[in-house]
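# Chain and residue survey
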Protein chains: 2
Amino acid sequence: MEAKLPSFDSVFSIDCVIFGFEAGELKILLIERNEEPFKDWLALPGYIVEQDESIDDAAERILYELTGLRDLHMQQFHTFGEVNRHPQGRVITVAYYALIRINGQKELRPITQYARKAFWHPVNELPKLAFDHSEIFKTAFNKIRRRLNYQPIAFELLPEKFTLTQLQSLYEAVENKKLDKRNFRKKMLSYGFLKELDEKQKGVSYRAAKLYKFDRRKYAKIFHNDMNMDK
Amino acid sequence: MEAKLPSFDSVFSIDCVIFGFEAGELKILLIERNEEPFKDWLALPGYIVEQDESIDDAAERILYELTGLRDLHMQQFHTFGEVNRHPQGRVITVAYYALIRINGQKELRPITQYARKAFWHPVNELPKLAFDHSEIFKTAFNKIRRRLNYQPIAFELLPEKFTLTQLQSLYEAVENKKLDKRNFRKKMLSYGFLKELDEKQKGVSYRAAKLYKFDRRKYAKIFHNDMNMDK
DNA sequence: TTTAATGGTGTAATTTTCACACACTATCTT
DNA sequence: AAGATAGTGTGTGAAAATTACACCATTAAA
């Protein structure tokens, strides 16, 4: 290979905005940094891309190293390239998001020393984050807020078996407004991609709700072209 | 500034997908390359980002140098980071799109030697392009096709004063299907952001159509989200 | 058995979408 | 000046989707 390309001290990085839903609240995954710059600050999980890995691969690796999480389906959403966004030099960062089930028991455990810990934090009361991560988060949140209405992303945040009320409260959390219960149910069920199970909720001290499951096959059949849920 | 960042031979580039609309056809701007690799191939206008410019600034500069076009409102839409997308080394490219009025007379004239010429080409019969530019184009086209239905991007492609038939034929070109004239007009006018002018079309050999203008103020008032095309 | 908490259900009014056909007008041709 | 040509401009009814709205049912705990 000829070395015709210029050689700059330029660096690519990846930052991840990982959304989860727990106790009726939307949360994101943060780390506590253990290195300069911004040592001790809270930040999005993020690090530098190696030369011989694609950015998609890098995103997976970096998230794993900082949080112990693996095999999520991450999605690139924006690239941030202001000259001074990193105090130590030119770093362009490609930002990814993913939506996952928190599940209470999934252990978060940084593999590298670069992060001291990783934990879930509600999106409503986020502190100031390192670098331009607050802006990155805002962009991500706007993206998923829109996407919720035409892509089946809600089901990635809920347990595999969920009640209609849980589904509704997720929509309410993301859109930040109350929805009408009857209309919400009617509409969701009318799509035809929710499979009613024979099971009921357990361990609640009130009437147990039916459990449902998202049926990916039916969904794909119904919206076979692009994943268009609206209109 | 401490030099803590690793020093890789990694390069950022920008590629631009510039859409225009002329004679009922959707077109994009291509260049003929004058340098290896892919010398003599057709490609999207694109080049390498300098160290001291933001990626948005770089996009403007690069488009200007390769095509002579300036001051378009470009929008980042995806970053391509496969390891081997560039035969000479690691190059991650941030892709932008813009929609502009072709206007027949806008001169296209590369400033650098890097492109031999720049010209409009219909999107329907695109040849194979250099690098992964065919894929980049496809991604861009899908983006604007969706966006057309919830953002006022059509008006950037039309002359300032246009007829409803022109507007309709643009929608038909992008969505690739015929629309009903009466319903289309009724719907467009019902939004309330088209301003009917006192002028008529000129120089046509049939009944002249009324001209309309897109009223940005009214649009902003009605859909009080900001007018920018991302999110 | 009562209470507290949430689950589950239907109908009517309104709005939006869609399908559909013909007369009008400006220009060009002969 | 008469006719041909080509695109402009308009309304209605049917069907579908959206909204507003209130009460009884079930479970567990007190």
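Scroll up a little and you will see the structure.
Model, not experiment: these values are computed from the prediction.

## Observations concerning a negative patch on the surface
Side chains of Asp56, Asp57, Glu60 and Asp71 of chain A together with Glu82 and Glu135 of chain B sit close together on the surface and give a patch of like negative charge. Residue contributions to the negative patch peak at 3 residues, all from helix 1 (residues 55–67) of chain A. When you line up the elements, Glu60 of chain A lands in helix 1.

## Details of the packing of aromatic side chains
Residues and elements named next belong to chain A. Under the defined criterion, the tally for this structure stands at 31 aromatic pairs over all chains. What links up through ring pairs into an aromatic cluster is the set Phe155, Phe162, Tyr191, Phe193, Phe214 and Tyr219. Of note, Arg70 hangs over the ring of Tyr64, and the distance from its end group to the ring centre comes to 4.0 Å. Positioned over the ring face of Phe119 is Lys117, at 5.6 Å from the centre of the ring.

## Concerning the protein's contact with DNA strand D
Taken together, 17 residues lie around DNA strand D, and Asn183 and Arg207 of chain A together with Thr165, Lys181 and Arg207 of chain B are the ones closest in. Considering DNA strand D, the proportion of its atoms within 4 Å of the protein that are sugar or phosphate atoms stands at 39%. Arg182 of chain A places a side-chain nitrogen or oxygen 3.3 Å from a base nitrogen of DNA strand D. The set of elements that each furnish at least two residues to the surface near DNA strand D consists of helix 5 (181–191) of chain A together with helix 5 (181–191) of chain B. Of the residues forming the surface near DNA strand D, the biggest block, 4 residues, is contributed by helix 5 of chain B. Across the surface near DNA strand D, the residue classes break down as 4 nonpolar, 3 polar and 10 charged.

Calculation rules
Residues numbered from 1 in each chain as written. Chains lettered and ligands numbered in written order. Predicted model: local features only at pLDDT ≥ 70, side-chain atom pairs only at ≥ 80, totals over all residues. Heavy atoms only, no water. Patch = residues over 30% accessible without salt bridge, like charges linked within 9 Å, V, L, I, M, F, W, Y side chains within 5 Å. Areas by Shrake-Rupley, 256 points an atom, 1.4 Å probe, with all protein chains shown as cover. Salt bridge = Lys/Arg side-chain N within 4 Å of Asp/Glu carboxyl O. Lys, Arg positive; Asp, Glu negative; His and termini not counted. Charge placed at Lys NZ, Arg CZ, Asp CG, Glu CD. Helix = DSSP H or I, 4+ residues; strand = E, 2+ residues; numbered from the N terminus. Phe/Tyr/Trp six-rings, centres within 6.5 Å; stacked < 30°, edge-to-face > 60°. Lys NZ or Arg CZ within 6 Å of the ring centre and 35° of its normal. Near = heavy atom within 4 Å. Polar contact = N/O pair within 3.5 Å; in protein donor to acceptor, adjacent residues only side chain to side chain. Nonpolar A, V, L, I, M, F, W, Y, C, P; charged D, E, K, R; others polar.

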